[in-house]
Number of protein chains: 2
Amino acid sequence: MNIILLSGGSGKRLWPLSNEIRSKQFIKIFKNPEGECESMVQRVYRQIKEVDPDANITIATSKKQVSVINNQLGDSVSVCVEPSRRDTFPAIILASAYLKSKKNVSEDEAVIVCPVDPYVSTDYFRSFLKLYDMTVNGKHNISLMGIEPTYPSEKYGYIMPATKAEKADVSYFIEKPDKLDAEKYISQGALWNGGIFAFRLGYILDIARKNIGSIDYDTIFEKYDELKNISFDYEVVEKEDALKVMRFSGEWKDIGSWNTFAEEMYDKVIGKAVLDDACLNTNVVNYLNIPVLCMGCKDMIIAASSDGILVSDKEHSSYMKPYVNAFNQQVMYAEKSWGTFTVLDVQENSMTIRVELLPGHSLHYHSHNLRDEVWNVVSGTGRTIIDGKENTVHAGDVISLKAGCRHTIIADTELRIIEVQFGTDIDVNDKEKHVLYG
Amino acid sequence: MNIILLSGGSGKRLWPLSNEIRSKQFIKIFKNPEGECESMVQRVYRQIKEVDPDANITIATSKKQVSVINNQLGDSVSVCVEPSRRDTFPAIILASAYLKSKKNVSEDEAVIVCPVDPYVSTDYFRSFLKLYDMTVNGKHNISLMGIEPTYPSEKYGYIMPATKAEKADVSYFIEKPDKLDAEKYISQGALWNGGIFAFRLGYILDIARKNIGSIDYDTIFEKYDELKNISFDYEVVEKEDALKVMRFSGEWKDIGSWNTFAEEMYDKVIGKAVLDDACLNTNVVNYLNIPVLCMGCKDMIIAASSDGILVSDKEHSSYMKPYVNAFNQQVMYAEKSWGTFTVLDVQENSMTIRVELLPGHSLHYHSHNLRDEVWNVVSGTGRTIIDGKENTVHAGDVISLKAGCRHTIIADTELRIIEVQFGTDIDVNDKEKHVLYG
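Residues numbered from 1 in each chain as written. Chains lettered and ligands numbered in written order. Predicted model: local features only at pLDDT ≥ 70, side-chain atom pairs only at ≥ 80, totals over all residues. Heavy atoms only, no water.

A. Spatial organisation of the overall build of chain A. Helix and strand counts for chain A stand at 10 helices and 30 strands. Taking 22 Å as the expected radius of gyration for a compact globule of 438 residues, we find that chain A reaches 24 Å, a close match to that expectation. The dimensions of chain A, computed from C-alpha atoms along their principal axes, are 70 × 60 × 40 Å. For chain A, the residues scored as buried account for 57% of the 438 residues in total. Here the contacts in chain A between residues at least 6 apart in sequence split such that 65% fall between residues at least 24 apart. In the form shown here, chain A has an accessible surface area of approximately 18200 Å², with 47% of it arising from carbon and sulfur atoms. Averaging the locations of the 49 positively and 62 negatively charged side chains of chain A gives two centres separated by 2 Å. (Helix = DSSP H or I, 4+ residues; strand = E, 2+ residues; numbered from the N terminus. Rg over C-alpha atoms; globule rule 2.2 N^0.38 Å. Buried < 20%, exposed > 50% of the residue type's maximum accessible area, 1.4 Å probe, protein only. Contact = heavy atoms within 4.5 Å. Areas by Shrake-Rupley, 256 points an atom, 1.4 Å probe, with all protein chains shown as cover. Lys, Arg positive; Asp, Glu negative; His and termini not counted. Charge placed at Lys NZ, Arg CZ, Asp CG, Glu CD.)

B. Inspection of the interface of chain A and chain B at higher detail. Each side of the interface is counted separately: chain A has 56 residues, and chain B has 55 residues. Interface of chain A and chain B: buried area, both sides summed, is about 4200 Å²; carbon and sulfur atoms make up 69% of it. Considering only the surface of chain A that becomes buried against chain B, A:Leu293, A:Met295 and A:Ile309 emerge as the three largest contributors, covering 17% of it. For the interface between chain A and chain B, the tally reads two salt bridges. For B:Asp345, the salt bridge is made with A:Arg354, and the minimal N-O distance between the two is 2.4 Å. Seen at the junction of chain A and chain B, the total is 15 residue pairs in polar contact (both at pLDDT 80 or more). When residues in the side of chain A that touches chain B are grouped by element, the largest group, six residues, is from strand β19 (residues 308-313) of chain A. Residue composition of the side of chain A that touches chain B, grouped by class: 32 nonpolar, 16 polar and eight charged. In this structure, strand β17 (residues 292-295) of chain A lies alongside strand β19 (residues 308-313) of chain B, joined through four bridges in parallel fashion. Bridging across to β19(B), A:Cys294 finds its partner in B:Val311. (Buried area = accessible area lost by both parts, 1.4 Å probe. Salt bridge = Lys/Arg side-chain N within 4 Å of Asp/Glu carboxyl O. Polar contact = N/O pair within 3.5 Å; in protein donor to acceptor, adjacent residues only side chain to side chain. Nonpolar A, V, L, I, M, F, W, Y, C, P; charged D, E, K, R; others polar. Pairing = 2+ DSSP bridges.)

C. Expanded view of the relation of the copies chain A and chain B. Superposing chain A onto chain B requires a rotation of 180° together with a translation of 0.0 Å along the rotation axis, leaving an RMSD of 0.1 Å. As the rotation angle and translation indicate, the two copies are arranged about a two-fold axis. No C-alpha of chain A lies nearer the rotation axis than that of A:Leu344, which sits 3.0 Å from it. The residues that chain A uses at the interface reappear at the interface of chain B in 98% of cases, marking a shared surface. (Least-squares fit on C-alpha atoms with pLDDT ≥ 70 in both.)

D. Structural detail: the side chain of B:Ser231. Tracing the backbone shows B:Ser231 in the loop between α7 (217-222) and α8 (232-235). In contact with B:Ser231, not counting residues within four places along its chain, are B:Asp87, B:Thr88 and B:Phe89.

E. View of the sheet that holds strand β14 (residues 269-270) of chain B. Spatial strand order, β15(A)-β17(A)-β19(B)-β18(B)-β16(B)-β14(B): six strands in an open sheet with mixed pairing. Strands at the two margins of the open sheet, each flanked by one partner only, are β15 (273-275) of chain A together with β14 of chain B. Bridge analysis of β15(A) against β17(A) gives three bridges, and the strand direction is parallel. Bridge assignment links A:Val274 to a residue of β17(A), and that residue is A:Leu293.

F. Representation of the nonpolar core within the structure. Counting 66 residues, the largest nonpolar core has A:Ile302, A:Ile309, A:Leu357, B:Ile302, B:Ile309 and B:Leu357 as its most contacted members. Look past the residues within four positions of A:Leu357 in its chain and what remains in contact with it is A:Trp338, A:Ser362, A:Leu363, A:Ile409, A:Ala411, A:Thr413, A:Glu414, A:Leu415 and A:Ile417. (Core = buried A, V, L, I, M, F, W, Y, C linked by side-chain atoms within 4.5 Å.)

G. Geometry of unusual backbone geometry. Put simply, A:Trp15 and A:Pro16 share a cis peptide bond, and its omega is 5°. Structurally, A:Pro16 is set in the loop between β1 (2-6) and β2 (30-31). Here the phi dihedral of B:Asp299 falls at roughly 50°; this positive angle occurs in a residue that is not glycine. Of note in this structure, B:Asp387 is not a glycine but carries a positive phi near 45°. The class of B:Asp387 is exposed, set by a relative accessible area of 51%.

H. Looking closely at the sheet that holds strand β21 (residues 339-347) of chain B. Residue and element names in this part refer to chain B. Read across the sheet, six strands follow the order β20-β21-β22-β29-β24-β27 without closing on themselves; strand pairing throughout is antiparallel. Only two strands of the sheet have a single neighbouring strand rather than two, namely β20 (333-336) and β27 (398-401). Strand after strand, the sheet turns through a mean of 20° between neighbouring axes, direction not considered. Inspection of the sheet shows strand β22 (residues 350-357) paired to strand β29 (residues 415-422) by eight bridges, in the antiparallel sense. Counterpart to Val355 in the pairing with β29 is Ile417. (Axes fitted to C-alpha atoms, helices over the stretch in contact; angles between N-to-C directions.)

I. Layout of the pairing of strand β22 (residues 350-357) of chain A. Burial analysis of β22(A) places seven of its eight residues in the buried class, the great majority of the element. Where strand β21 (residues 339-347) of chain A hands over to β22(A), the hairpin turn is made up of two residues, counted between the paired strands.

J. Up close: the packing of aromatic side chains. A full pass over the atoms with the stated rule returns 32 aromatic pairs over all chains. Where A:Trp192 meets A:Trp252, the ring centres are 5.9 Å apart and the plane angle is 45°; that geometry is what we call tilted. Residue A:Trp192 is located in strand β11 (residues 191-200), and its partner A:Trp252 is located in strand β13 (residues 252-254); the two are separated by 60 residues in the primary sequence. A relative accessible area of 2% means that A:Trp192 is categorised as buried. Taken together through their ring pairs, the aromatic side chains of A:Phe30, A:Tyr119, A:Trp258 and A:Phe261 make up a single cluster. The aromatic ring of A:Tyr224 is capped on one face by A:Arg86, whose charged end is 6.0 Å from the ring centroid. The ring of B:Tyr119 is capped by B:Arg43, whose NZ or CZ atom sits 3.9 Å from the centre of that ring. (Phe/Tyr/Trp six-rings, centres within 6.5 Å; stacked < 30°, edge-to-face > 60°. Lys NZ or Arg CZ within 6 Å of the ring centre and 35° of its normal.)

K. Layout of the side chain of A:Ser305. Take A:Ser305: it is sitting in strand β18 (residues 300-305). Residues contacting A:Ser305, with those up to four places away along its chain left out, are A:Pro16, A:Leu17, A:Tyr287, A:Leu288 and B:Ile290.

L. Structural view of a positive patch on the surface. A contiguous patch of positive charge on the surface is contributed by A:Arg13, A:Lys155, A:Lys176 and A:Lys321. Looking at the secondary structure, you find A:Lys155 in the loop between β8 (142-147) and β9 (158-161). (Patch = residues over 30% accessible without salt bridge, like charges linked within 9 Å, V, L, I, M, F, W, Y side chains within 5 Å.)

M. Examining the pattern of salt bridges more closely. Across all of its chains, the model carries 52 salt bridges over all chains by this definition. Via salt bridges that share partners, A:Asp345, B:Arg354, B:Glu356, B:Glu414 and B:Arg416 belong to a single interconnected network.

As structure tokens, then:
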């Protein structure tokens, strides 16, 4: 199977665990069958591989997410990087061209496009095999997945199938209805729209040819901003008559808010936290190194990270986005290809950061114009390269980096640094990358 | 008036704002008439000085609180330091000897002993003038203050006066009763016990003579641990027959828990916090530099500091002590005579601390056996003395301090340092103080 996983996410709906860089699909709150923590993207990837070990999976995402994807899925995972963040129509066009140009997928083969964040049993991906077959062999152009509703949700779109058969033509679509309408449509046989699109690769490349005059990945990458910024549903699916829907009746959940997220946490309490006996139906995720004490909390979500602290009634947590947008704060924690950084202290003319480098990894060779930095190496061993000169370093060493000097550090073992930045205009964008010779 | 303010406090009842070093009476959540934040101790001190500008106030406290008292009340305030933390009987004996030995108070003068944390109107201290007079001129030995109850509280002790006159003999005492009993006693005229004791200095020094064979402050300080560790109520008041109680009917509140504390906060929200419209009767105090978002919180207290995060239903907050005791954590924030320190990061073999020095102040001249330190000066100017050698320092300077070296820093302007400690056995007790010559 060829599968495109769409990894989007504004990163605001699970604040403060998610941020601009760290979207909800990367937060490790599930457990895999071996009992290790896993994120949504790890869970979905593992489930697909269980069903089809040879599945050709491509993750379509923005540049910002590449590091964390490689950290979580390994360096060999195939990632189609979008030059800018746009809607699903351009994203699917680009990823389809990627399959053709970079992975030599034939235009006769089918492709299943799937969001990266459905919380489902493995059965769901097992049904992909059938969906794939019907797409390759069918006369229709797009196959969709319809989930049998378990309640009249107002949060989902609906698909009305022509019959109650497992595979049926699509009569029409219903946008998120109110509860009463949802009940009515369900009684008439409507299914939840699972957000899955399957098609033969050639079908979508024809659309690319029409829209942008090319099916070459590099060309479409260059012209990415010329593609209409619209959803694939509006631009393609709703204009298409040759549609089929396949029915699925197993466990399916869209983990889109803290409330649904909390239901699936492997433990109600993650991190340092104590709840008294009067607490009821309350989840705590604490990524800080200080304890959280909860007393008499009912139906609440409490989450703490370097970005902030959320204390919310479960029901209200779905409405957090505008508040979080208003914070407009800098990113205080991020996973990078080389490790992580955590902002510890922000003052007017200084910033203190904990940098953790994975063994064998290094920072980019770079310089700053407006700030000096000091690296206090607190554990591990490695090598610095400063203006071309290499030195070994280990715990206890202190390295001064004046503005303008080019520098990097290479971790020979896991390396932990307290970086103190000094300057009147500290800005994350004050960074020039350089090529390191030799 | 001679007044002894007893400044005790386990520091656990207003966790995480209070800790081993920073008791509730030092937390600035009130406002003075000029609109500036003030703490309980500042409020009480100000109120007494308003009533009697010449009041001779002595604060009886432990060594740990001296710095913060000087920071909040100035260096000229009179502090009687207890060699160890004990109950009110030894504390009052020691403070009385201090008045005699160090402040030359005559044995005929009266002394009023008052806890440092009643939340009252200035009228309360105005009534001290009458209490003082009746103690100096009366034939009885101890005067107490009885507060007219406004509800049948189970949290207070009660005093039963012989009559309903403003000044009356004491018939008997009632320990914290249940609600029904409280109602009964109140109907019979019982008053809340305000925890105030007034006596002639000679009366209490006679007890010191009997108990410890001396009224000399230094001698009692030396023999402090020989004094019975018992409350003044049990050891003195309840054995005394010549007691009078004076009635007070104004505002009086014992701010002993988060719940009562929250009622008097100058603002329901202190620090970076956003509450949605669905929040009701909720207080937030956030001393961290990251935002708190509260959604749908009802009747709650949310408090965050470097020590931890509290999320509590108001009613349950009174039962926090055992949970907080179990944390058994190191102090993450403290006010010192020279400024403050805040722990930013704790790792296995390192610790990162923000040190803020007030202008003109300096650290003790000291050394560590087991850890190296690095001072990253992030703002201000000052001077270091390292193994006797003085150097000027300013923002951007980095100073390495190897284990064993003697060091201090003097702030010429406000000085901010990121101190990184390196070592396998970092311990707050690994500190030797030295005398600085020259």
